[in-house]
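# Structural overview for review
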Amino acid sequence: MSPRRVTLADVAKAAGVSRTTASLVLSGRGRELRISQDVEQRVLKAADELQYRPNIVSVGLRTGTTRTIGFISDTVATSRLAGDMIKGALEAARDRGFMLFIGETEGDAELESLLLQAMHDRQVDGLVLASMFTRTIKVPKTITATPSVLLNALPEQPTPLPAVLPDEVEAGRRAARILLEAGHRDGIYLIGAGPGLRDVPAESLAAVERLVGIREALGETGVKVAGARTCPDWQPEYGLDATRDLLRTARPRALICFNDRIAMGAYQALDDFGLKVPADVSVVSFDDHPIASWMRPKLTTVALPHYELGRKAVDVLFTEIDRDRADGDRVGEVHRVAMPVRDRESVAPAIPQP
């Protein structure tokens, strides 16, 4: 049989005061209402000795807050790569004394609707709707009943909800600048997308934005993309096939791969053609997948800041909660989180052309 929960009445009895007085002291209003220091100390001591914990449900009914946040994603919770988004959100919520309820839809719209209803039934104070991959999504109508934030996603249609995304355009600029700063001006090829903005995998917002950034940074110095090979999916086998196809007709001096798994395939293709990284071909990529540090030579990449994305989403959500309580107008602002460079061993200074 489990021990009986200690109640506020128990604390009041042990301290020799009324339940109202005990409640005022434990809510931090004792001094405000001129309760003596002696009475205050008796109540606090009794609460400590009895290991009293406030009833969160009752507190929620009185204050209009449950100190909980809902986090609904497609496959973030079960992904090794994006799991740090959950960690960041958990820690940001914990720092404020809030609990995170996590649900996963696996891309099922009906399950998403049920999870949203379950979160509303539990009267969460706010919601984070997250995507594993950066993409546009159809925002459920019911989500706007609660202060909410989109994480790693943009709405298909205009919405008042704010969104938190990685700064993919700046990441593309950074990838290009890595090569430019190493002296590369010729023979820069793209693997995964490009050269045109329409030459991208379907529904890949990251591909479009990375490509925009790459083209901008190269264009600022008068450098043009020498060529590109698209990949239907950003997996090693497609990176291998695309790079092999390129090497049959060209000899690149540098490759920008659109993610680390593509780069893994590119490494294999370069080796098949007797080319060494970075002595013959420099390679830079995106994401900072664990394989980036396992590859030899270690891969220089621009990292997806999963942890920072999760923290930022909760920070923005609390701004929305405060604004909602103040009856202010919410606007669909987009918050970008910087993607840091992981400078490793796959880029070498350009060899002057004879």
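Above this text sits the structure in question.
The text that follows walks through the structure, step by step, so that each part is easy to find. For every chain, the first residue of the written sequence is number 1, and numbering continues from 1 along that sequence. Under the rules for a predicted model, residues below a pLDDT of 70 receive no local features and side-chain atom pairs below 80 are neither given nor counted, while totals for whole chains, interfaces and linings still include all residues. Only hydrogens and water are set aside when side-chain values are computed; all heavy atoms of the structure are taken into account.

## Overview of the packing of helix H9 (residues 236–247) against helix H10 (residues 260–272)
Any two packed helices are characterised by how steeply their axes cross, that is the angle between the axes, and by the distance between the axes. It is the contact of H9 with H10, at a shortest axis distance of 7 Å, that shows an interaxial angle of 40°. Classified by the angle between their axes, H9 and H10 sit oblique to one another. Between H9 and H10 lies a crossing whose hand is right-handed. Contacts between H9 and H10 involve Pro236, Gly239, Leu240, Thr243, Arg244 and Leu247 from the first element and Arg261, Ile262, Met264, Gly265, Ala266, Gln268, Ala269, Leu270 and Asp272 from the second. Taken together, the residues of the contact of H9 with H10 break down into 8 nonpolar, 4 polar and 3 charged. Only the contacting stretch of a helix is used when fitting its axis, a line to C-alpha atoms as for every element, and angles between N-to-C directions run 0 to 180 degrees. Strands here mean DSSP runs of E at least two residues long; helices mean DSSP runs of H or I at least four residues long; both are numbered from the N terminus. We call two directions roughly parallel when the angle between them is under 35 degrees, roughly antiparallel when it is over 145, roughly perpendicular when it lies between 65 and 115, and oblique otherwise. Whether a crossing is left-handed or right-handed is set by the direction in which the near helix is turned from the far one by less than a right angle, anticlockwise for left-handed and clockwise for right-handed. Residues are treated as being in contact if the distance between any of their heavy atoms lies within 4.5 Å. As a working rule, the residues Ala, Val, Leu, Ile, Met, Phe, Trp, Tyr, Cys and Pro are called nonpolar, Asp, Glu, Lys and Arg charged, and the rest polar, with Gly in that last group.

## Some points on the pattern of salt bridges
Two side chains that carry opposite charge are able to pair once their charged atoms sit near each other. Any Lys or Arg side-chain nitrogen found within 4 Å of a carboxyl oxygen on Asp or Glu counts as a salt bridge. Inspection of the entire model under this criterion finds 17 salt bridges. The residue aspartate 287 makes a salt bridge to arginine 210 at a minimum N-O spacing of 2.8 Å. Highlighted residues: aspartate 287 in strand S9 (residues 282–287) and arginine 210 in helix H8 (residues 205–220), separated in sequence by 77 residues. The buried category is assigned to aspartate 287, whose relative accessible area is 16%. Here the salt bridges share partners, and the residues they tie into one network are Glu170, Arg173, Arg174, Arg177 and Glu216. Summary of the burial criterion: residues with accessible area below 20% of their type's maximum are buried, those above 50% are exposed, and those between are partly exposed, where the area comes from a 1.4 Å probe applied to protein chains only.

## Notes on the sheet that holds strand S10 (residues 300–303)
Strand pairing is assigned whenever DSSP detects at least two bridges linking the two strands. If you walk across this open sheet you meet the 6 strands as S7-S6-S8-S9-S10-S12, and the pairing is mixed. A strand with exactly one partner marks an edge of an open sheet, and here the two such strands are strand S7 (227–230) and strand S12 (341–342). Relative to S9, strand S8 (residues 254–257) runs parallel, the two being bridged by 3 bridges. When the sheet's bridge partners are listed, isoleucine 256 is paired in S9 with valine 284. Contacts from helix H7 (residues 168–181) reach strand S6 (188–192), S8, S9, S10 and S12 within the one sheet, and its direction differs from that of S9 by about 165°.

## With respect to the sheet that holds strand S4 (residues 148–155)
The parallel open sheet is built from 6 strands, whose spatial order is S2-S1-S3-S4-S5-S11. Each end of this open sheet is capped by a strand with a single partner; those strands are strand S2 (99–104) and strand S11 (334–337). For this sheet, the mean angle separating the axes of adjacent strands, direction not counted, is 25°. Relative to S2, helix H6 (residues 109–121) is tilted by about 160°, and along the sheet it contacts strand S1 (68–73), S2 and strand S3 (126–137). Sitting on the sheet, H8 is in contact with S3, S4, strand S5 (163–166) and S11, with an inclination near 65° to S3.

## Focus: the nonpolar core
Nonpolar side chains tend toward joint burial in soluble globular proteins. Membership of the largest hydrophobic core comes to 49 residues, with the highest contact counts inside it found for Leu255, Ile256 and Val283. Those elements giving two or more residues to this core turn out to be H7, S6, H8, H9, S8, H10, S9 and helix H11 (291–294). Side-chain atoms within 4.5 Å are what join buried Ala, Val, Leu, Ile, Met, Phe, Trp, Tyr and Cys residues into a set we call a nonpolar core. With 25 residues, the next largest nonpolar core counts Phe71, Met85, Ala89 and Met132 among its residues.

## Things to note about the packing of aromatic side chains
In this analysis, rings of Phe, Tyr and Trp, with Trp reduced to its six-membered ring, are considered paired at centre separations within 6.5 Å, and the interplanar angle assigns stacked below 30 degrees, edge-to-face beyond 60, and tilted for intermediate values. Taken as a whole and judged by the stated rule, the model has 3 aromatic pairs. For the pair tryptophan 234 and phenylalanine 258, a centre-to-centre distance of 5.8 Å together with 50° between the ring planes defines the contact as tilted. In this pair, tryptophan 234 sits in the loop between S7 and H9 while phenylalanine 258 sits in the loop between S8 and H10, placing the two residues 24 residues apart along the sequence. You'll find tryptophan 234 and phenylalanine 258 in the same group, each marked buried. Connected via pairs of aromatic rings, a cluster forms that spans Trp234, Phe258 and Phe286.

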